[in-house]
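One-letter residues, chain by chain:
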Amino acid sequence: MQENNNQNPEVELDENHLIQIRKEKLKELQEQGKDPFEITKYDRTNSAGEIKANYEAFENKDEFINAYDIIFKNYSIKRVYFVGSGTSFHVSSLGAMWFNKYLNVEASAHFPTVFVNEKINKNKVYKNDEILVLATSQSGNSTSTIQAIQYAKQLGYVTACLSEDLNSDIAPFCNYMI
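Residues numbered from 1 in each chain as written. Predicted model: local features only at pLDDT ≥ 70, side-chain atom pairs only at ≥ 80, totals over all residues. Heavy atoms only, no water.

## Looking at the overall build of the protein chain
As a reminder of what qualifies: For the purposes of this entry, the term helix denotes a DSSP run of H or I that reaches at least four residues, the term strand denotes a run of E that reaches at least two, and both are numbered from the N terminus. Each residue's exposure class comes from its accessible area (1.4 Å probe, protein chains only) as a fraction of the maximum for that residue type: buried when under 20%, exposed when over 50%, partly exposed otherwise. Calculation of accessible area relied on Shrake-Rupley with a 1.4 Å probe; when residues are assessed, cover is drawn exclusively from the protein chains displayed.
When helices and strands are counted, the protein chain shows 6 helices and 5 strands. For the protein chain, the succession of helices and strands along the chain, N to C, is α-α-α-β-α-β-α-β-α-β-β. Counting only residues that meet the buried cut, the protein chain has 30% of its 178 residues in that class. By element, 50% of the accessible surface of the protein chain is carried by carbon and sulfur atoms, the whole surface being about 13000 Å².

What follows is the structure, encoded as structure tokens:
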């Protein structure tokens, strides 16, 4: 087996520089009394079964459900693309699973950077108003998610955004803000 001696010194220098930057950031955090390696634990207050059993008590459920009800009444949605990054991607994955199971529509979750580079509806199976692109962004300020929803809007699809901030940066690009 031959050893590869064709190492690129520029790449190695860049890697060393990145390591140094990370060490400096770690030192800054530690000086501020923040420990990025601290294990944080949260007390579980409810199980999934308890939440499901107490769904009727969910405080804002009517507002939340009404938004989807309006979308599905105004459009004949047959295909849903969820887009989100990080934790929002995980929410998107669950949303896609639930939409497939309970709404009987084809749904899938995508990272925004992948979504904008995919050929959406390439076989023209669905009309534009039958496609919902639902962006999930906790802050509503995720650049890649905003780009994905702008892309969907340019293609003429119905857009909805789920965020904790109804006035966030993503709001102007959504037909519906949830």
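## Observations concerning the pairing of strand β2 (residues 106–110)
Each regular strand carries side chains that alternate between the two faces of the sheet. Rule in force here: One bridge is not enough; two strands pair if DSSP finds at least two bridges between them.
Relative to β2, strand β1 (residues 79–83) is paired through 5 bridges, and the arrangement is parallel. Residue pairing for β2: Val 80 is matched across the bridge by Ala 107.

## Observations concerning the packing of aromatic side chains
Operational definition: For Phe, Tyr and Trp, where Trp contributes only its six-membered ring, two rings pair if their centres lie within 6.5 Å, and the inter-plane angle classes them as stacked under 30 degrees, edge-to-face over 60, or tilted in between.
Considering all chains together, one arrives at 6 aromatic pairs under this definition. The interplanar angle of 85° and the centroid separation of 6.4 Å between the aromatic rings of Tyr 75 and Tyr 176 together place this pair among those described as edge-to-face. A residue pair is termed long-range when its members are at least 10 positions apart, and Tyr 75 in the loop between α3 (61–74) and β1 and Tyr 176 in strand β5 (residues 176–177) qualify at 101 residues. For Tyr 75, a relative accessible area of 25% corresponds to the partly exposed category. Classification of Tyr 176 by relative accessible area gives buried; the value is 19%. Between Phe 115 and Tyr 151, the aromatic rings sit 5.8 Å apart at their centres with planes inclined by 85°, giving edge-to-face as the arrangement. In this pair, Phe 115 is assigned in helix α5 (residues 112–115) and Tyr 151 in helix α6 (residues 143–154), connecting sequence segments 36 residues apart. Since its relative accessible area comes to 0%, Phe 115 is described here as buried. By way of ring pairs, the aromatic residues Phe 72, Phe 82 and Phe 99 are connected into one cluster.

## Concerning the sheet that holds β2
Put simply, the rule is: Residue contacts are defined here by distance: any two heavy atoms, one from each residue, within 4.5 Å place the two residues in contact. Axis geometry follows a simple rule: fit a line to the C-alpha atoms, using only the stretch in contact for helices, then measure angles between N-to-C directions, giving values from 0 to 180 degrees.
With respect to topology, 5 strands assemble into an open sheet ordered β2-β1-β3-β4-β5, the strand pairing being parallel. Edge strands, defined here as strands with exactly one partner in the open sheet, are β2 and β5. This element, helix α4 (residues 87–103), spans β1, β2 and β3 (131–136) of the sheet and lies at about 170° to β2.

## Considering the side chain of Ser 168
Note on placement: Ser 168 falls in the loop between β4 (158–162) and β5. Overall, the relative accessible area of 5% leaves Ser 168 in the buried class. Excluding residues that lie within four positions of it along the chain, Ser 168 makes contacts with Ser 139, Gly 140, Asn 141, Ser 163 and Met 177.

## Some points on the confidence of the model for the protein chain
What counts is decided by this rule: Confidence per residue, as judged by the predictor, is encoded in pLDDT with a range of 0 to 100.
For the protein chain, per-residue confidence averages 80 on the pLDDT scale, and residues scoring 70 or more make up 76% of the total. Per-element confidence in the protein chain ranges from a low mean pLDDT of 63 for helix α2 (residues 48–53) to a high of 95 for β1. In this model, residues 1–6 is a region of pLDDT below 50 whose contacts with residues beyond four sequence positions or in other chains number 0 contacts.

## Side note on the pairing of β4
Spelled out, the test is: Place the viewer so that the strands point away; then a crossover is right-handed whenever the path from the first strand over the helix to the second strand goes clockwise.
Where burial is concerned, most of β4 is hidden: 4 out of the 5 residues are buried. Strand direction decides the pairing type here: β3 and β4, joined by 5 bridges, are parallel. Bridge pairing in β4 links Leu 132 to Val 158. The handedness of the β3 to β4 crossover, carried by α6, is right-handed. Bridge count for β4 against β5 is 2 bridges, and the pairing is parallel. Directly across from Cys 161, in β5, lies its bridge partner Met 177.

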